[in-house]
Amino acid sequence: SGLAEPDLEGVRAALLRATELGAPGAMARIDGPEGVSRLAVGERDADTGLPMTTRARFRVGSVTKTFTSVVLLQLIGEGAAGLDDPVNRHLPGLLPDDRITLRHLLSHRSGLWDYTNDMFARTVPGFESVRDRVFSLQELVDLSLSRPLTVEPGSAYAYSNSNFVVAGMLIERLTGASLADAYRERIIQPLDLDDTFYVHPRTRIPGTHISGHLTPDEAGLPLVDSTRQTASWAQSAGAMISSPADLNRFVGALTEGELLGTEQLDAMLTMTPTDATNTRFYGLGLRRYALSCGLSVLGHTGTVQGFYTYAFTTEDGERRLTAMANASNNGPVNTALGGTLEAAFCGERPA
Ligand SMILES: C[C@@H](NC(=O)[C@@H](C)NC(=O)CCCC[C@H](NC(=O)C[NH3+])C(=O)[O-])C(=O)O
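Rules used throughout
- The residue numbering used here restarts from 1 in each chain and proceeds along that chain's sequence as written.
- Where totals are concerned, whole chains, interfaces and linings use all residues; where local detail is concerned, this predicted model gives features only for residues with pLDDT of at least 70, and gives and counts side-chain atom pairs only at 80 or more.
- To obtain the side-chain values, all non-hydrogen atoms of the structure were included, while hydrogens and water were left out.
- A strand pair is defined by DSSP finding two or more bridges across the two strands.
- Put simply, DSSP marks the helices as runs of H or I at least four residues long and the strands as runs of E at least two long, and each gets a number from the N terminus on.
- Residue contacts are defined here by distance: any two heavy atoms, one from each residue, within 4.5 Å place the two residues in contact.
- The axes are straight lines fitted to the C-alpha atoms, using for helices just the contacting stretch, and the angles between their N-to-C directions are given from 0 to 180°.
- The salt bridge definition used is simple: a Lys or Arg side-chain nitrogen within 4 Å of an Asp or Glu carboxyl oxygen.
- Each pair of aromatic rings taken from Phe, Tyr and Trp, with Trp reduced to its six-membered ring, is defined by centres within 6.5 Å and is described as stacked if the planes are under 30 degrees apart, edge-to-face if over 60, and tilted in the remaining cases.
- Note on geometry: a ring has a charge over it if NZ (lysine) or CZ (arginine) is within 6 Å of the ring centre and within 35 degrees of the ring normal.
- Computed over the protein atoms alone on a 1 Å grid, cavities are sets of points where a 1.4 Å probe fits but cannot get out and pockets are open sets with protein on both sides within 12 Å along at least five of seven lines; a residue lines them when it has an atom within 4 Å of a point.
- Grid points are joined across faces, edges and corners, and a volume is the space filled by probe spheres set on the points.
- The classification used treats Ala, Val, Leu, Ile, Met, Phe, Trp, Tyr, Cys and Pro as nonpolar, Asp, Glu, Lys and Arg as charged, and all other residues, Gly among them, as polar.
- A helix is expected to span 1.5 Å for every residue after the first.
- Here the term buried applies to any residue with accessible area under 20% of the maximum for its type, exposed to any over 50%, and partly exposed to those in between, with areas from a 1.4 Å probe on protein chains only.
- The directions considered for the arc are those from the helix axis to the C-beta atoms.
- Near is defined per residue: the residue qualifies when any heavy atom it owns lies within 4 Å of the molecule or strand.
- Each polar contact in these results corresponds to two N or O atoms within 3.5 Å; when the atoms are within protein, one needs to be able to donate a hydrogen and the other to accept it, and residues that are neighboring in sequence are counted only if both atoms are side-chain atoms.
- The Shrake-Rupley method, run with a 1.4 Å probe, gives the accessible areas here. Residue values count only the displayed protein chains as cover.
- Pocket occupancy is defined atom-wise: a molecule lies in a cavity or pocket when more than half of its atoms are within 2 Å of its grid points.

A. Expanded view of the sheet that holds strand E12 (residues 320-325). One open sheet accounts for eight strands, arranged E2-E1-E12-E11-E10-E9-E8-E7; its pairing is antiparallel. A strand with exactly one partner marks an edge of an open sheet, and here the two such strands are strand E2 (35-42) and strand E7 (272-273). Against the sheet, helix H1 (residues 8-20) engages strand E1 (25-32) and E2, with an angle of about 25° to E2.

B. Quick peek at the sheet that holds strand E5 (residues 224-225). Spatial ordering of the open sheet is given by E5-E4-E13, a layout of three strands whose pairing is mixed. Strands at the two margins of the open sheet, each flanked by one partner only, are E5 and strand E13 (327-328). Here strand E4 (residues 213-214) pairs with E13 via two bridges, running parallel. If you follow Leu 214 over to E13, its bridge partner there is Ser 328.

C. Representation of the pattern of salt bridges within the structure. A complete count under the given rule lists 14 salt bridges for this structure. Close ionic contact of Arg 147 with Asp 118 constitutes a salt bridge, the shortest N to O distance being 2.6 Å. Here Asp 118 lies in helix H5 (residues 116-119) and Arg 147 lies in the loop between helix H7 (137-145) and helix H8 (161-175), a separation of 29 residues in the sequence. As a salt-bridge pair, Glu 258 and Arg 249 come within 3.2 Å of each other at their nearest N and O atoms. Members of the salt-bridge network, linked through shared partners, are Asp 97, Arg 99 and Glu 152.

D. Up close: the packing of aromatic side chains. Taken as a whole and assessed by the stated rule, the structure comprises seven aromatic pairs. Aromatic pair Tyr 310 and Phe 312: ring centres 6.5 Å apart, planes at 40°, arrangement tilted. Grouping aromatic residues by their ring pairs yields a cluster made of Tyr 289, Tyr 310 and Phe 312. Directly above the aromatic system of Tyr 289 lies the positively charged group of Arg 280, at a separation of 4.3 Å from the ring centroid. Looking at Arg 288, its charged tip hangs above the ring of Phe 281, at a distance of 4.6 Å from the centre.

E. Highlighting the layout of surface pockets. There is about 560 Å³ of room inside the largest pocket. Taken together, 28 residues line the largest pocket, and the ones lying closest to its centre are Thr 116, Asn 161, Trp 233, Thr 303 and Val 304. If you list the elements that add at least two residues to the lining of the largest pocket, you get H5, strand E9 (287-290), strand E10 (296-304) and strand E11 (307-314). If one sorts the elements of the lining of the largest pocket by residue count, E10 sits on top with four residues. When grouped by side-chain class, the residues that make up the lining of the largest pocket number ten nonpolar, 15 polar and three charged.

F. Spotlight on H1. The terminal C-alpha atoms of H1 lie 18 Å apart, and with 13 residues this matches the ideal 18 Å at 1.5 Å per residue to within 8%. Taken residue by residue, H1 has Val 11, Ala 14, Leu 15 and Ala 18 as its buried positions. In a view along the axis of H1, the buried residues occupy a sector of 95°, so they form one face of it. Counted as exposed and oriented over 90 degrees from the buried face of H1: Glu 9 and Glu 20. Contact partners of the buried residues in H1: E1, E2 and helix H12 (331-346).

G. Spatial organisation of the site of the ligand. Near the ligand lie 20 residues; those nearest to it are Ser 62, Tyr 159, Thr 301, Thr 303 and Ser 328. At a separation of 2.8 Å, an oxygen atom of the ligand approaches a polar side-chain atom of Asn 161. When the ligand is considered free in solution it has 630 Å² of accessible area, and contact with the protein chains removes 83% of it. Among the cavities detected, the one that contains the ligand is the largest pocket. The greatest single-element share of the shell around the ligand, amounting to five residues, is contributed by E10.

Here it is as structure tokens:
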């Protein structure tokens, strides 16, 4: 393989940087031809001081979108729907525009307003107001539809959690089962993801887990323990619980064709640029980052109260990285954590 050895000191430096910038702890797990590397710095929980560990579960935020996209694409592969079907064909009257298709949802091109922009305009009050709330998917869609579309359907990339809430509604409609059943039967059980759970609306992270710490908007205020929440505001857009071992297994299996047929996988990998520098792309529930060493990696990022996650793989599934920091609403922490990708996939910077 053309892969350089992972720069483990570089990964550790990125994790340490994330803790210097405000995360109680950070960790990374790399699975590759050279075996497994596990790195953990700082604390799993700021109150108890328990050390960070990669052998624990946490909330993965929008990495959930890749799980949701896989399930919906499996259903499309089984003929239950078409990628270019209008959403309203399967959920009559749901959306104000019949032009919005399933493909628009999964590629963030529908124009549906992201209700979290209103919900979390004030970070801690917004979180505390929904921490124990249970929403129906319909209620979340109603919040989105209280505002106009942000773009003409299909015309441009506009990231919105609302897209994957509607995708979750489609999964429930097309399977007649719950999201939890669909994730379990179609991904979690087939891949033996023993640390991966969709417990919504229960608030506890099962077993050994990391505590999440929400950074207030006001400088100097103490971190808020955000571990316990229903994550009902996110559901099929961000409520999954998993671990580094399981996410590395998941992204690898995805790119190695274990979960989708070639037609659906090709559709998932059909990318459009999301930034002016042409280094970041979005396909269907999947991101692609073009790294400085010429390598591209596939996966998803996650941001949920208390947790930042990166879960990426090389395009052939040979090397996979999951990195997590247990503080959110802190951009520099997120950027520092992202530094694990270059170190893990590109290896040592040329001197
Ligand atoms: C971007 C990321 N998206 C996700 O993971 C989804 C599930 N999360 C969000 O939309 C952020 C919700 C607010 C987080 C809160 N921020 C605020 O409340 C800001 N006022 C926090 O940082 O914990 C992705 O796709 O990679």
